[in-house]
Every structure is written in structure tokens, then in C-alpha cells.
Amino acid sequence: MRSLDFLFGKNFERAMKIVDQRGVKKILGRPVGRLHGWGNYSTVTPSNHEINKGIGKMTLAENLACLLEESSSLDERRPKSRMALKRSFELRIKKRVKEQSRNGIYQGLMERVIATPETLKDAYSCIRLNSNVEKSVNYHNICFDSLAVELSNGSFNVGANTSTISTKGARKEVLVLPNIKLKVVQEAIRIVLEVIYRPYFSKISHGCRSGRGEATALKYIKKEISSSDWWFTMHVYKKMNACILAKLISLMEEKLEDPILYAIIQSMFDAQVLNVEFGGFPKGHGLPQEGILTPILLNIYLDSFDREFYRLSMKYEALEPQFNIPGESHSKLRNWFRRQLKGSNLVFVDKEDTSPKFHCCRFMDEIMFVVSGSKDVTLSFRSEITQYLQNFLQLDVDNEEEILPSAGPQGICFLGIIIKRSLRESPALRAVHKLKEKVQLFASQKQEAWDSGTVRVGKKWLAHGLKKVKESEIRHLADSNSTLSQISCFRKVGMETDHWYKMLLKIWMQDVHVKSEENEEFILSKYVAEPAIPQELRDSFYEFQKCAEEYVSSEAANTLALLPSTTSSSVPVTICEIIAPVNNIKKRLSRYGLTTSAGYPRTAPQLILQDDDQIIHWFLGIVRRWVKWYCEYDNFSEVKLLISDQVRKSCIRTLAAKYRIHEAEIEKKFDVELSRIPSTQEIEQEMEYERSDFDNDEALMYGISYSGLCLLSLARIVSQSRPCNCFVIGCSDPAPNVYTLNVMERQKFPGWKTGFSSCIHPSLNRRRIGLCKQHVKDLYLGHISLQSIDFGAWK
């Protein structure tokens, strides 16, 4: 405060003179030159008279105001996250798209929005962000001006911008992937279609939408599943053909009129680079065959299914035959719909609101239905849904899926997890059980106190008797010819008493028949101390223990009947359990060589040749995925045991095999690095930062949030004679090593989320890719997916 007073008022000029004389360059920690420079921000130009009279106060106020402006400008210059940057790029494209709307119909988007250098640059920047490559002036030798011209005049050759990968052998499986230019075009089209169609998607659609994803799908299921009776999943499958593409374009023409755009999409289909396959592989796992346009095209095509579901659910809920009875309806809205559909003079009885209810959750091409009603209604509803999918959308439906009771013990598989419904005890019943536990604990504590007290009394009796018994009083009881008497004669005087007393105890134990008892303490307690206790005290204690035992062993229902009757606290609560597929995770650990067939951790031989950091990052990638996916699941404790007992120990044994030293020495040598793979008690604390630092918007980071870990083995080290750059799109750094991609999982459904990549196309098996150190780490830790790798860079 004194320094501020010194700057204010009359002493300001004196202070400036002192500064000039001593050559001090800072006041209050800031350079004087900047203080003078801040005055230039003022919009008021003071006169010389004002400067001579009171410029000190006004300049300081202006300088403080400029400090706020400088701090705000510093905040604007802070680096943004990947998510924020991608939102900014898509927002710019969104503004261009909105300008082309005429009465809700978009026209000429290819020519006016997509085929412009600005949109193509923003689309390429989004691809670079997916690859975790910082924005720079290097655009991978792409001339966006010429690319825009080719797109606008229709001369862009889609087939020339693809790369083909096939399997070896007689049965070839071909995978066609786009190159950099075609990926830029696909990304621009995807953003434009997202801007147009995203606001029209229904609430039951959760896949690849901003603010919606697997977490919202599971939350929706847990909310709507409490009063359900049946559930089932419906698997649709079919590879996109000409009929489906024509149907898709006809659906898109309702909001978008652009023949040039449809021609580009048709050419992508002809070149087999439009990898849209219903039910072909689990979506959102970052697989290479997942095209950029796959999620938005699936949602557009299946949006008509969402509308049909609402129409059918309204039909069954409003027009069920059981309601054609005169009476009063419980639901006024439903009654109004029935009167409109069946006649205004009809009134229906629905006092308990027993009409069927239908709920649906769709994650792209994975669909789950939850029904509250009879099984006949459920079968009829599924039949109509199946007919719509087969006849109108021309999709194949798996009719072998069984309709399961939602209260069944087996649960249902959806999105690679297990969903079960169970009953939780009512609050009143839980209170009864809690009271029983307290009574049982109190009774056991009193029993322990009683036993310890009586044992202490018995030991004192034993010591007192040994102390008071005299040799002369018990000598006549002994047999002079016995071995004990002969041995005692050679002892000192008074030393024979303990032997005689033990003989007396032996005779006493035979009389009371206590040889079959458990231990000496029980004998002292029950046969010595308790008979000496007053009868009233013993009877009261054992009566208390008897009543406590009867109360604890009684049925909870009978005890609950004694409580005051309540409506809300006595009704059991239905809960939905989300179960991680622990058994399938254990199988994948064994398949990838991390555990033996018996479940014990072992060395991962394919990782030994890699660097120490890369080995640790590979194991850490499994832990990060499990914690991020399953931390809110009901059986997360089992996943934590896998982390501490198998993954961590397998990492230690892999490093020990690499250096050929003992595991204990490895733990000491890599103590800091291994601390990132936490033990069971430290998982939540250690991984909290990892979870908060990762962006989880599935619409913007499609394929990254749930990308599985792939297995890379070192193929060779790059030399000057055989150079190689990183294969990640947008990265031009040299790759020090070339890795071999090992495809371990090829199954399609169910797509279990185990932490490892699932259903990779077999043509990518043993495919060699060059990666820089940063992107090896990003791939292992889940910051990028296999979609970010250009597999056609090395033919």
C-alpha cells in the first residue's frame, strides 16, 4: 500500500526522477517502458497543462485498464485443445452451409461450399487434428485450388485417388482405401451432411452425434428399463449395393438438391471406397475399414427407421384392442389419440395405465428394443419392425435373436457390454437387514466379553489352587510305586507339588467328562467359572443371546410385517446393471500372450524388441482404455484386479525378459515409469488426470474414443539407405522404425469391447507401417486410431 501511495499524488514526479537517476527499469515488477507504452491505448489525448498537473493518476488508471486488455489477449493466444480447434473449423464450414438454405432446402453445396479452397483446407485441418498433428503451413503437397476446380467441373477422378490392399492366397479379400485427397473430400462432405441432418435426428439415435454417444445410450437404457418386461436386439446386415444407394439418395433429396454431390457419392460407390456395411463390423472402434462417411450415411438411412418406430409405438400404445371398453382413461393424452383415431364417442378404461410401452435405443446399426407389455404384443411389434426393415429399407434382419424377459438372469448384449436388470431391496427391508447386522454384532461382542471374563476367572482359580495346595495334604493320594512318585523323590523339597496338582486335574477332568472339549480355555470357562456365577446372571445372559439369535435368523419378510406399513419405502427398486465383459477380456489377454491359459501373467514376446517407453505405453494403453470405459460399470472391481494382477505383472516380466534380470530389480529400475500403471488401490487417483485430459465427443472424434489397442512388432530399424517417413496422415517426421501390424481379432458380432482392436480387415495382417515415436505413443495410448494411418503410403 505504501508503494501505491508513493506512486499516487505529488510524489509521482519525484519517483520518476529517482528511477531515472538509479537506472531502475521496473516499477512494481513491470518495465517502465511498457508503462509509458500503455498510455498509447488511451483515446483521450491530454494537454500539456493536464500533463503537468495530474497525469500521474490518470496514466495509472489507463495502465490498469490496459493490463486487463493484455490479460484477455493472452487468454486468446492460449493454445486450444484438439476438440476446440476442430469445432472452430467445423463452425466456419457450418456458416457457409447455412447461407445456402432456401426454405429448408439446400442447393448447390458442392459448387458453392465443398469445392472451395477454404472448405477443403478446413477439412484437411480436421483430419490433421484426428491424427494429433499440430496445424502448420504444410498441407501434404495438396493444391486445394486445383482440387476445388476439379470438384466443381466434375473432372475429379475418384478411382485414381484410391489404394487397394488384398489378402494373399486363393480366397482374396480386397480393401479399397482413399488417399489423402479423397479423404479431404470425404471429410468436407461429412461436415456438410452433419450440419444439414444432425438437427433432424431423433432422440433414440445415439451414434456419432454431438453430445450423444455410448454413455448417453446406456443412460437412456437405465432410465427406461425399470418397468419393462421384455427386451431384444435386432441385428441388420447388408453391404451397400446399388438399390440401397439409390434409396439413400432419394431420402437425402428431401433436404438436399445437389446432383454434383450425388455424382461424387456414386463414383465413390463405384470405386468401392465407400465402405458402408450394415452389421459388417462394430462401428466407432477406429477400424481402418470404417470410412469417414460411414456414420453420417448410416444415420441418414436409418433415420426413417426411427420415424417408423415412433409411428408403430403410437399405434400399439393408442389402439390396443383391450381398451375398447367404456370407462375413464388414466392418460388424457393417450385417450385423446384414441378418440381421434377410433372415433370421438369412444372412451376407454385405463385406470392402471396397463397399455404397452416401447423404447428403442439405436447406436448406428446396433438396435435394442425394450417393451413393457405381453409377449404376444412384443412378437407382433417385432414382426412389423422386421417387415419395414426388409421391405422398405431393403436390409437383411437376423430373426434368430430371442426375445428375453428383462428380469431374467442372463441379461442382454448390446454395444459390446452386458446389461442386466435386478431388484434392489426396498429402503425398509434394507433398514431391517442393517438392524439385524447391528444386533448380531452387538451380541457377538457381548459373547466375546463373557467368554474372556470367565476364562480369566478360570485361570486365576488354576493359579490359586497351584499356589495353595501343600505337598503333605496330597501325598496320601499318590501311589508310592508309580513312576511319578519315584521321579518326585529325586526333586527338591516343594518341587513335587505341580506334578501332584496335574494329577488331581486329570482325575477331575475324568469325572466331569471334558476330554472331548475343544481347548483348555473352554473347560476353564464352562466348567470352572460359570458354575460359580449366580444363576440369575447366567440365565439373563443366555436369554439375551437366545432372543438375539432368533431375531437374526428370522425371515426379513416377517420382520418387515411388524414395521409400520409404508407405500414408498416397502416397494423393491428395479435397477439396471452395466457389466463389463470380464471373461472376454481374459480371453483376449491370453490370445495376445499376456497371460497363460491358467490366467497367470507372462512375458509378451512380440514387445521385447521395442523401446522401454513403448513397452510401458503399450500396457498403459490397456489400462487407460479400461478405466475410461468401465470406471462407472458395476463390476469395475474385477477390471481393477486384472490391471494390478495381470497387466502390471506382465509388463514387469516383459521388461525383465528384455534385460534378463530379476523382476524385483526391474521394479526398482523402472519405479517411476511403472507407477503410471497403478495398483488396485490407486487406480482412480492415478488415472483421474488421464480421463479429464481426453476429449470424448464421439461426433468430432469418431473412432478415437473407443479405438482398441493393436499389436505392433518391430520389423526393422530405418537406416539412411532405406529411409521412411511416418505413415500418419499430416505427419512428415522421419520414422526411426518400421512396425508390423498383427491382426488378432476378426470376429464381427458381438463386438466386445476388450481394450484390443476388433474385426480388423484381414488384408492388413502383417502389413508394415512406419511411425515416428510420438505417433507410436499416440496409437498405444489411444490418442489416435488406425484410421489416421495411410496404409497406401508404401506399396
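Calculation notes
Residues numbered from 1 in each chain as written. Predicted model: local features only at pLDDT ≥ 70, side-chain atom pairs only at ≥ 80, totals over all residues. Heavy atoms only, no water. Helix = DSSP H or I, 4+ residues; strand = E, 2+ residues; numbered from the N terminus. Buried < 20%, exposed > 50% of the residue type's maximum accessible area, 1.4 Å probe, protein only. Contact = heavy atoms within 4.5 Å. Areas by Shrake-Rupley, 256 points an atom, 1.4 Å probe, with all protein chains shown as cover. Polar contact = N/O pair within 3.5 Å; in protein donor to acceptor, adjacent residues only side chain to side chain. pLDDT = per-residue confidence, 0-100. Pairing = 2+ DSSP bridges. Phe/Tyr/Trp six-rings, centres within 6.5 Å; stacked < 30°, edge-to-face > 60°. Lys NZ or Arg CZ within 6 Å of the ring centre and 35° of its normal. 1 Å grid on protein atoms, 1.4 Å probe; cavity = no way out; pocket = protein on both sides within 12 Å on 5 of 7 lines; lining within 4 Å. Points joined across faces, edges and corners; volume = space filled by probe spheres on them. Axes fitted to C-alpha atoms, helices over the stretch in contact; angles between N-to-C directions. Salt bridge = Lys/Arg side-chain N within 4 Å of Asp/Glu carboxyl O. Arc of directions from axis to C-beta. Patch = residues over 30% accessible without salt bridge, like charges linked within 9 Å, V, L, I, M, F, W, Y side chains within 5 Å. Lys, Arg positive; Asp, Glu negative; His and termini not counted. Charge placed at Lys NZ, Arg CZ, Asp CG, Glu CD. Left-handed = near helix turned anticlockwise from the far one by under 90°. Nonpolar A, V, L, I, M, F, W, Y, C, P; charged D, E, K, R; others polar.

What to know about the overall build of the protein chain
When you go through the protein chain residue by residue, the secondary structure sums to 29 helices and 19 strands. Out of the 795 residues in the protein chain, the part that is buried amounts to 47%. Counting only contacts in the protein chain whose residues sit at least 6 apart along the sequence, the fraction spanning at least 24 positions is 73%. Of the roughly 41,700 Å² that the protein chain leaves accessible, carbon and sulfur atoms contribute 53%.

Side note on the side chain of asparagine 299
Within the secondary structure, asparagine 299 sits in helix α13 (residues 294–318). Among the polar contacts made by the side chain of asparagine 299, one reaches the side chain of arginine 362 at a distance of 3.2 Å. For asparagine 299, the contacting residues outside a window of four places in its chain are Phe201, Ser205, Gly207, Cys208, Arg362 and Met364.

Things to note about the confidence of the model for the protein chain
Per-residue pLDDT for the protein chain has a mean of 78; in total, 71% of the residues score no lower than 70. Counted against residues more than four places away or in other chains, residues 15–57, with its pLDDT under 50, gives 41 contacts. Taken together, the stretch residues 344–352 has pLDDT below 50 and engages in 31 contacts with residues farther than four places along the chain or on a different chain.

Examining the pairing of strand β10 (residues 357–363)
Counting buried residues in β10 gives 6 out of 7 residues, a clear majority hidden from the surface. Bridge count between β10 and strand β11 (residues 366–372): 7 bridges; the pairing is antiparallel. Each residue of the ladder has a partner; that of cysteine 361, found in β11, is methionine 368.

Some words on the sheet that holds strand β8 (residues 256–257)
Spatially, 3 strands are ordered β3-β4-β8 in an open sheet, and the strand pairing comes out mixed. The strands lining the two open edges of the sheet, one partner per strand, are β3 (101–102) and β8. Summarising the sheet, strand β4 (residues 105–107) and β8 pair through 2 bridges and their orientation is parallel. Note that in β8 the partner of glutamine 107 across the bridge is glutamate 257.

Some remarks on the environment of serine 227
Within the secondary structure layout, serine 227 lies in the loop between α10 (214–224) and β7 (230–239). Judged by relative accessible area, serine 227 falls into the partly exposed class, the value being 48%. C-alpha of serine 227 to C-alpha of isoleucine 575: the two residues are 348 residues apart in sequence and 9.8 Å apart in space.

A word on the packing of aromatic side chains
Considering all chains together, one arrives at 23 aromatic pairs under this definition. Judged by centre distance (5.5 Å) and plane angle (70 degrees), the rings of phenylalanine 541 and tyrosine 542 are edge-to-face. Under the relative-accessibility criterion, tyrosine 542 is labelled partly exposed at 35%. Seen in terms of ring centroids, tryptophan 618 and phenylalanine 756 are 6.2 Å apart; in terms of plane orientation they differ by 40 degrees. Their pairing is tilted. One end of the pair, tryptophan 618, is in helix α24 (residues 612–630); the other, phenylalanine 756, is in the loop between β18 (737–742) and β19 (767–771), with 138 residues separating them in the sequence. For tryptophan 618, a relative accessible area of 0% gives the class buried. The buried category is assigned to phenylalanine 756, whose relative accessible area is 3%. What links up through ring pairs into an aromatic cluster is the set Phe232, Phe305, Phe309, Tyr310, Tyr316, Phe358, Phe369 and Phe381. Sitting over the ring of tyrosine 659, lysine 669 keeps its end group 3.9 Å from the ring centre.

Focus on empty space enclosed by the protein
A complete count under the given rule lists 7 cavities of 30 Å³ or more for this structure. Estimated volume of the largest cavity: approximately 420 Å³. In terms of lining, the largest cavity is formed by 32 residues, of which the most central are Lys183, Glu290, Gly291, Ile292 and Gln787. Only α7 (117–130), β6 (174–178) and α9 (180–197) provide two or more residues apiece to the lining of the largest cavity. For the lining of the largest cavity, the leading source of residues is α9, giving 4 residues. Quantified by volume, the second largest cavity comes out at close to 80 Å³. Lining the second largest cavity are Glu214, Pro282, Lys283, Gly284, His285, Phe363, Glu366, Leu415, Gly416, Tyr706, Gly751 and Lys753.

Overview of the sheet that holds β19
Strands sit in the order β17-β18-β19 across an open sheet of 3 strands; the sheet is antiparallel. The open sheet has two edge strands with one neighbour each: β17 (711–717) and β19. Here the strands of the sheet are splayed against their neighbours by 40 degrees on average, with no regard to which way each runs. As defined by bridge partners, β18 adjoins β19 across 5 bridges and the pair is classed as antiparallel. Among the inter-strand pairings, leucine 741 is bridged to a residue of β19, identified as arginine 767. Docked against the sheet, helix α29 (residues 773–781) engages β17, β18 and β19, running at close to 115 degrees with respect to β19.

Re the environment of alanine 115
Secondary-structure assignment places alanine 115 in the loop between α6 (109–114) and α7. On the basis of relative accessibility, which here comes to 7%, the residue alanine 115 falls in the buried class. Along the primary structure alanine 115 and phenylalanine 144 are separated by 29 residues, whereas in three dimensions their C-alpha atoms are 9.0 Å apart. What alanine 115 contacts, discounting residues up to four positions off in sequence, is Met110, Ala148, Leu151 and Ser152.

Some words on the side chain of lysine 283
You can see lysine 283 is positioned in the loop between β9 (277–278) and α13. From its side chain, lysine 283 meets the backbone oxygen of glutamate 277 in a polar contact 3.0 Å long. A polar atom in the side chain of lysine 283 sits 2.9 Å from the backbone oxygen of phenylalanine 281.

Considerations on the pattern of salt bridges
Summed over the entire model, instances satisfying the criterion amount to 14 salt bridges. A network of salt bridges, in which partner residues are shared, links Glu90, Glu187 and Arg190.

Points about helix α8 (residues 144–153)
Taken residue by residue, α8 has Phe144, Leu147, Ala148 and Leu151 as its buried positions. Considered in projection along α8, the buried side chains sweep an arc of 100 degrees and stay on one side of the axis. Positive phi shows up at glycine 154, right after α8, with a value of about 80 degrees.

Regarding the pairing of β7
Strand direction decides the pairing type here: β7 and β11, joined by 6 bridges, are antiparallel. Along β11, the bridge assignment pairs phenylalanine 232 with phenylalanine 369. Two elements, β7 and strand β13 (residues 404–405), share 2 bridges in a ladder whose sense is antiparallel. Its bridge partner being in β13, tryptophan 230 is matched across the sheet by proline 405. As paired elements, β7 and β9 share 2 bridges and run antiparallel to each other.

Focus: a negative patch on the surface
The grouping of Glu536, Asp539, Glu543, Glu549 and Glu550 at the surface amounts to a negative patch. Within the secondary structure, glutamate 550 is located in helix α21 (residues 535–553).

Details of the packing of α9 against α13
Where α9 meets α13, the axes come as close as 9 Å, and the angle between the chain directions of the two elements is 30 degrees. Regarding α9 and α13, the two cross each other, and that crossing is left-handed. For the pair formed by α9 and α13, the contact residues are Arg190, Leu193, Glu194 and Tyr197 on the first element and Ile296, Leu297 and Ile300 on the second. Looking at side-chain class alone, the contact of α9 with α13 contains 5 nonpolar, no polar and 2 charged residues.

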